[in-house]
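Topology and contacts: notes
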Amino acid sequence: MPNVKIRNLVKKYGDIYALDKINLDINDGELFILLGPSGCGKTTTLFSVAGLIKPDEGEIWFGDHLITSAERNYIERPQDRNIAMVFQDYAIYPHLTVFKNIAFPLQIINLSRDEIKKRVFDTAKSLGIEDLLERKPKQLSGGQRQRVALARAIVREPNVFLMDEPLSNLDAKLRVFARAELKRLHKKLGITIIYVTHDQIEALSMGTTIAILNKGKIEQVGKPDSIYNFPKNLFVAGFIGSPPMNMLDGSLKKDNGNAYLDFGFTEYKLLNELHQINTVKHKEIVLGIRPEDVLMSKEIVNNSVRAIIDIIEPMGREFEIHLDLGKKIIISVMRKIENFRIGDEVYLTFNDKKLHFFDKKTGENIFTSNYND
Ligand SMILES: Nc1ncnc2c1ncn2[C@@H]1O[C@H](COP(=O)(O)OP(=O)(O)OP(=O)(O)O)[C@@H](O)[C@H]1O
Ligand SMILES: [Mg+2]
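Residues numbered from 1 in each chain as written. Chains lettered and ligands numbered in written order. Predicted model: local features only at pLDDT ≥ 70, side-chain atom pairs only at ≥ 80, totals over all residues. Heavy atoms only, no water.

The next thing to look at is the side chain of Gln200. With respect to the element layout, Gln200 can be found in helix H6 (residues 200–206). You can call Gln200 buried: its relative accessible area is 11%. Here the side chain of Gln200 touches Gly241 through a polar contact of 2.8 Å, landing on its backbone nitrogen. What Gln200 contacts, discounting residues up to four positions off in sequence, is Leu35, Phe239, Ile240, Gly241 and Ser242. (Helix = DSSP H or I, 4+ residues; strand = E, 2+ residues; numbered from the N terminus. Buried < 20%, exposed > 50% of the residue type's maximum accessible area, 1.4 Å probe, protein only. Polar contact = N/O pair within 3.5 Å; in protein donor to acceptor, adjacent residues only side chain to side chain. Contact = heavy atoms within 4.5 Å.)

It is at 7 Å that the axes of helix H2 (residues 98–108) and helix H4 (residues 142–154) come closest, and there the two elements cross at 30 degrees. With respect to their mutual orientation, H2 and H4 come out roughly parallel. Note that H2 runs across H4; the crossing there is right-handed. Between H2 and H4, the residues in contact are Val98, Asn101, Ile102 and Pro105 and Val148, Ala151 and Arg152, respectively. Residue composition of the contact of H2 with H4, grouped by class: 5 nonpolar, 1 polar and 1 charged. (Axes fitted to C-alpha atoms, helices over the stretch in contact; angles between N-to-C directions. Parallel < 35°, antiparallel > 145°, perpendicular 65-115°, else oblique. Left-handed = near helix turned anticlockwise from the far one by under 90°. Nonpolar A, V, L, I, M, F, W, Y, C, P; charged D, E, K, R; others polar.)

With that out of the way, let us pick up the site of ligand 1. In the neighbourhood of ligand 1, the contacting residues comprise Tyr13, Ala18, Pro37, Ser38, Gly39, Cys40, Gly41, Lys42, Thr43 and Thr44. The contact in question runs from an oxygen atom of ligand 1 to an N or O atom on the side chain of Ser38, over 2.5 Å. In isolation ligand 1 exposes 640 Å². Once the protein is present, 58% of that is buried. Each residue belonging to the shell around ligand 1 can be placed in one class, and the counts come to 4 nonpolar, 5 polar and 1 charged. (Near = heavy atom within 4 Å. Areas by Shrake-Rupley, 256 points an atom, 1.4 Å probe, with all protein chains shown as cover.)

Applying the stated criterion to the full structure yields 5 aromatic pairs. Ring centres 4.9 Å apart and planes at 55 degrees place the aromatic pair Tyr93 and Phe104 in the tilted group. Separated by 11 residues along the polypeptide, Tyr93 in the loop between strand S7 (83–87) and H2 and Phe104 in helix H2 bring together distant segments of the chain. On the accessibility criterion, Phe104 (32% relative accessible area) is partly exposed. Aromatic pair Phe263 and Phe265: ring centres 6.1 Å apart, planes at 25 degrees, arrangement stacked. (Phe/Tyr/Trp six-rings, centres within 6.5 Å; stacked < 30°, edge-to-face > 60°.)

Quick look at the domain arrangement of the protein now. Think of interface size as the accessible area that goes away when the parts come together; that is how it is often given. Structurally, the protein comprises domain 1 (4–238) and domain 2 (245–368). Each of domain 1 and domain 2 has a C-alpha centre, and the two are 39 Å apart. Contacts between the two partners involve 9 residues from domain 1, matched on the other side by 11 residues from domain 2. Of all residues in domain 1, Tyr228, Leu234 and Ala237 bury the most surface against domain 2, accounting for 53% of the area lost on that side. Linking domain 1 with domain 2 are 0 salt bridges, by the criterion used here. The tally of links from domain 1 across to domain 2 stands at 5 residue pairs in polar contact (both at pLDDT 80 or more). (Domains from an automatic or database assignment. Buried area = accessible area lost by both parts, 1.4 Å probe. Salt bridge = Lys/Arg side-chain N within 4 Å of Asp/Glu carboxyl O.)

Following this line, the structure appears as structure tokens:
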């Protein structure tokens, strides 16, 4: 199976750049996620790979085989690309049995009856629906129906799978199950999947690589843990993580060999290793701290920020605590809240090993403290 290369892809609708110079390298066997808010260009990217959209600029390659080139005015037909697509409203034919639904794409390519039977059965077995082959779709649960749609896509043994929010019609519980199922299937079959979602949890839990799109541009490409731990800019930092990363505007100051962050209402002393930030170049910054890295204490501790507990939200396994700093509310997540109460005065420290500094003007990451040790 080839890798997919996307080069300088541009797609305009009137004045709007749906895609604005997209470059991506998708390796063979990846479960590659396109993640971003509504309208950022995910479906347009997928449709371009499928051959359903002709871009205004750029090229797409499957390995060393050119499939789309705006410059050369060349576009290979979708049916010649050996791709399979599963979309949000995976339509399976209601009047056909599960067997016939899965067999449908094979009948189009004129395989023998025995070959069709064997491929349908093998595929159904890999998805655990081999006992449902004689049923009609209305006799299936939502998750089973979805597996039929997947089976129908897989049965042709495509080069690349394109999936556009395929789990969004499922209820929350089934989604978690279907996510794991899809991940297992991906591992077992070793197929290349390009998977579109706007759900960051889905992206983090399933993806081998994630590309984050925003307004037709790629903000960051990386493994899930590097996207989470080293967001390249404010957009990625704010988009990934739930509850989102806390953002505090401040000025960097150096005084007597110490570095401080001045938030206006209070100051925070920075560790030695944070001195390497160029305070001349980057003066106005945004400090990003994930909720799990905001630590609370009832006693005054060294280098802490005073806050009042505004709200405590029990989330089942953990608590989300909204903390009022006077001018700003930030959120902490804790497994236990011990004897903390709403209205309590508390002292906050930030996990110095996981601080993110962004330039306020450009939004670019200047420095992320070394979270590894
Ligand atoms: N046929 C079209 N005509 C005009 N504008 C379009 C067309 N298709 C898409 N767009 C615009 O291009 C941009 C990207 O659309 P796209 O469908 O790729 O977004 P998306 O990331 O898939 O969003 P969603 O999560 O809502 O599905 C949007 O601004 C959209 O309004
Ligand atoms: Mg879409």
